[in-house]
Amino acid sequence: MKINFLWNPFLRCLIIGGCLLIVLQSCKTSQTTDSDTKSNKTLASGRLADGSRYIEKAYSNASGTLNYRMFEMELPESPREFRGVWIATVANIDWPTSPVDPYSKQKEDFIKLLDYYQSLNFNTVIVQIRTAGDALYPSRFAPWSRYLTGKEGLKPQTNEDPLSWMILETHRRGMEFHAWLNPYRATMNLDTVSLSPEHDFFKNPEWMIKYDTKYYYNPGLPEVRAHLRNIIDEVVKNYLVDGIHFDDYFYPYKVNGLKFEDDEAYEIYNMQDQSIEDWRRENVSLLVWEISESIKSQKPWVQFGISPFGVWRNKDQDPLGSRTNASQTNFDDLYADVLSWMRYGWIDYLIPQIYWSMEYNLASYRELVNWWSQNSYNTKIYVGNGPYKIRENADLAWNNPMEIPNQLSLSKASPNISGNAFFSAKSMYLKNRDVADLLRQQHYQYPVLPPISIRNTESPEQLTTPNLILHGDGYAFQFERIIKSDYRFALIYTAPTLEDLKGRGENTKFQKTYLDDNDRFVIPILNPNNQRFIALSFIDRFGSETKPMIFEIQSDILIKAQ
């Protein structure tokens with residue numbers, strides 16, 4: 001029997017209903033796909049209020065929990081300035097406050113120092129990890145420091161590596177850690193009884209020269225240079241330091257009537273017709289060159305910086321010198337040929353210690369900042385400032401709380417000066433907080449990035465675009481693949497408008513998140529309330545920044561994923 005299904009009322013209703021069901025199901029599937037997967041559809045080109053062009057891309061994340069879109073546009077480069085502080089461990093100047101404190105108390109004190117200087121928008125700490133033939137970390141080449149444990153050679157009461165811990169806590173606060181080592185000073189006094197049997201004074205007595213009240217490593221011995229290179233190699237290889245840092249102690253500051261007894265080494269190792277002064281300068285330069293080469297061969301992103309005495313030479317000694325009357329100079333007395341180190345590109349930065357007031361008659365801050373500004377030789381120059389003199393110096397200029405802020409005004413206005421460092425940490429922490437407040441109000445209102453080493457010429461590879469997801473009470477970026485170890489920090493700016501995001505003023509919030517081994521898929525956004533626009537970029541190991549990715553949150557949360 002043949003059925004005429006086109007005219008049968010029952011079959012006609014069944015067929016029409018089935019077709020409607022298929023259409024509805026298809027629409028539902030399409031909607032689910034749109035909300036569960038990211039859309040990369042380009043919508044339009046447009047212009048911002050300032051006339052700059054941008055390209056819109058619309059996105060939505062899984063399960064329709066958040067609606068947002070991404071902008072492709074240029075943002076100004078993140079501002080950069082070196083803002084460093086020296087944390088001296090020798091004689092317990094800054095930290096630890098006492099060598100006999102429990103290790104837990106020492107950790108608390110270090111955290112307080114970091115938090116304080118982070119609150120002032122500093123971005124670098126220069127921590128002394130070798131004071132005089134010792135180490136504040138487990139070393140094959142030096143005994144534990146008495147300034148950490150109360151007795152030289154005594155291990156701290158912990159299984160934790162203090163240096164690894166300090167570096168991690170510094171990075172978690174978005175700051176750089178520069179490891180400060182004193183290469184040539186072997187002892188702080190003549191009390192050799194208190195030295196560890198593992199100290200080089202006992203293991204290699206032929207390396208030692210007694211001068212005034214201390215013992216020094218003989219810079220003229222090739223074995224000493226090799227030993228110091230091994231010490232630096234150990235630190236660079238085993239720790240995530242951002243920099244290796246030497247201070248101003250090369251050959252010792254001269255004492256009238258005393259002779260540095262290195263004649264024997266001079267007779268053996270000097271070049272023909274080479275004066276002892278030139279030979280000494282060459283010894284120091286050889287160490288600087290060898291350390292530089294060794295660092296860059298292992299980890300080329302680790303910076304090498306030196307903080308010499310503030311005067312290279314006086315003008316009456318050399319027409320190229322500064323208009324100063326310093327009793328000792330780098331070139332003539334410490335045998336530090338600083339300008340050659342910069343000319344040959346052996347160091348990444350220099351921090352001359354200009355610890356005098358603006359108009360000090362023998363060596364003024366004003367004169368020396370101007371001189372170093374003109375003699376930078378394409379090397380990053382940061383100025384070393386001396387707040388330890390505030391209200392404690394015969395020069396009455398230091399009684400003025402504006403002395404340090406005025407010094408920063410000058411250095412910031414000087415060409416080729418890229419920041420400042422302050423000696424030492426306690427001078428604006430345990431006292432002189434009024435000066436620290438002035439510093440923050442007038443110069444350090446907003447956080448900035450440290451400068452990039454001039455030796456880095458490569459641009460970092462751009463990362464793939466992440467999803468923006470709900471996270472806790474706010475948002476987070478989620479990546480499909482682990483972020484490579486080449487990237488050290490994530491940089492996030494949030495702002496209520498695009499103009500605020502570009503201007504990075506008081507309405508823009510700054511977040512620098514350290515990417516440790518456990519945090520390379522999801523990056524939370526801190527305090528995103530009322531911040532509609534978000535810029536995400538990454539800082540690689542060299543300090544270079546990727547091109548920012550800009551996101552706009554378009555609507556409130558629809559459904560909170562469980």
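Colleague: How should I be thinking about the pattern of salt bridges in this particular structure?
Modeller: Pairs can form between side chains of opposite charge once their charged atoms are near each other. Counted according to the given criterion, the structure contains 29 salt bridges. The shortest N-O distance in the salt bridge between Arg-146 and Glu-152 comes to 3.3 Å. For the pair Arg-146 and Glu-152, a shared accessibility class is recorded, and that class is buried. Measuring nitrogen to oxygen at the nearest pair gives 2.8 Å for the salt bridge that ties Lys-259 to Asp-263. One salt-bridge network, in which partners are shared between bridges, spans Asp-115, Glu-169, Arg-172 and Arg-173.

Colleague: Help me understand the sheet that holds strand 15 (residues 474-478), please; the structure alone is not making it clear to me.
Modeller: The strands that make up a sheet are held in pairs by hydrogen bonds between backbone atoms, and each pair lies either parallel or antiparallel. In spatial order, the strands read 14-15-18; together these three strands make up an open sheet with antiparallel pairing. Strands with a single pairing partner mark the edges of an open sheet, and in this sheet they are strand 14 (467-471) and strand 18 (522-525). Taken pair by pair, the neighbouring strands of this sheet meet at an average axis angle of 35°, ignoring direction.

Colleague: What is the right way to read the side chain of Asn-314 from this model?
Modeller: With respect to the helices and strands, the residue Asn-314 is situated in the loop between strand 10 (303-306) and helix 9 (330-334). From its side chain, Asn-314 meets the backbone oxygen of Ala-326 in a polar contact 2.9 Å long. In this view, Asn-314 contacts Gly-321, Ser-322, Thr-324, Asn-325, Ala-326 and Thr-329; residues no more than four positions away in its chain are not counted.

Colleague: Is there a simple way to think about the packing of helix 11 (residues 365-374) against helix 12 (residues 403-412) in this case?
Modeller: When two helices pack together, their arrangement is given by the angle between the helix axes and the distance between those axes. Orientation of helix 11 relative to helix 12, taken along the N-to-C sense of each, is 25°, at an axis distance of 10 Å. Between helix 11 and helix 12, the angle falls in the class roughly parallel. Regarding helix 11 and helix 12, the two cross each other, and that crossing is right-handed. Residues Tyr-365, Arg-366 and Val-369 of helix 11 pack against Gln-407, Leu-410 and Ser-411 of helix 12.

Colleague: Whenever I open this one, the nonpolar core confuses me. Can you help?
Modeller: In globular proteins that are soluble, nonpolar side chains generally tend to be buried together. In terms of nonpolar packing, the biggest core is built from 108 residues, with Tyr-117, Phe-122, Leu-181, Ile-244, Phe-246, Trp-341 and Trp-372 touching the most fellow members. With residues near it in sequence (within four places) discarded, Trp-341 still touches Phe-250, Val-284, Ser-285, Val-288, Ile-306, Ala-336, Trp-346 and Ile-347.

Colleague: Which parts of the structure should I look at to understand helix 13 (residues 433-442)?
Modeller: Residue pairs three or four apart in sequence face the same way in an α-helix, which turns once every 3.6 residues. Buried within helix 13 are the following residues: Val-435, Ala-436, Leu-438 and Leu-439. Buried residues of helix 13, viewed axially, fall in a sector of 160°; they line one side. Tucked inside the fold, the buried residues of helix 13 contact helix 2 (103-119), helix 12 and strand 13 (417-422).

Colleague: Sorry, what's going on with the packing of aromatic side chains here?
Modeller: Between two aromatic rings, the relevant description is the distance of the centres plus the angle of the planes. Evaluated as defined, the whole model comprises 38 aromatic pairs. Their ring planes at 70° and their centres at 5.7 Å tell us that Phe-479 and Phe-538 sit as a pair that is edge-to-face. Pair noted here: Phe-479 is in the loop between strand 15 and strand 16 (487-495) and Phe-538 is in strand 19 (residues 533-540), with a separation of 59 residues, a long-range link. For the pair Phe-479 and Phe-538, a shared accessibility class is recorded, and that class is buried. One aromatic cluster is present, formed by Tyr-116, Tyr-117, Phe-122, Phe-422, Tyr-429 and Tyr-444 through successive ring pairs.

Basis of the calculations
- Residues numbered from 1 in each chain as written.
- Predicted model: local features only at pLDDT ≥ 70, side-chain atom pairs only at ≥ 80, totals over all residues.
- Heavy atoms only, no water.
- Salt bridge = Lys/Arg side-chain N within 4 Å of Asp/Glu carboxyl O.
- Buried < 20%, exposed > 50% of the residue type's maximum accessible area, 1.4 Å probe, protein only.
- Pairing = 2+ DSSP bridges.
- Helix = DSSP H or I, 4+ residues; strand = E, 2+ residues; numbered from the N terminus.
- Axes fitted to C-alpha atoms, helices over the stretch in contact; angles between N-to-C directions.
- Polar contact = N/O pair within 3.5 Å; in protein donor to acceptor, adjacent residues only side chain to side chain.
- Contact = heavy atoms within 4.5 Å.
- Parallel < 35°, antiparallel > 145°, perpendicular 65-115°, else oblique.
- Left-handed = near helix turned anticlockwise from the far one by under 90°.
- Core = buried A, V, L, I, M, F, W, Y, C linked by side-chain atoms within 4.5 Å.
- Arc of directions from axis to C-beta.
- Phe/Tyr/Trp six-rings, centres within 6.5 Å; stacked < 30°, edge-to-face > 60°.

Geometric descriptors of this kind do not, in isolation, establish any biological role.
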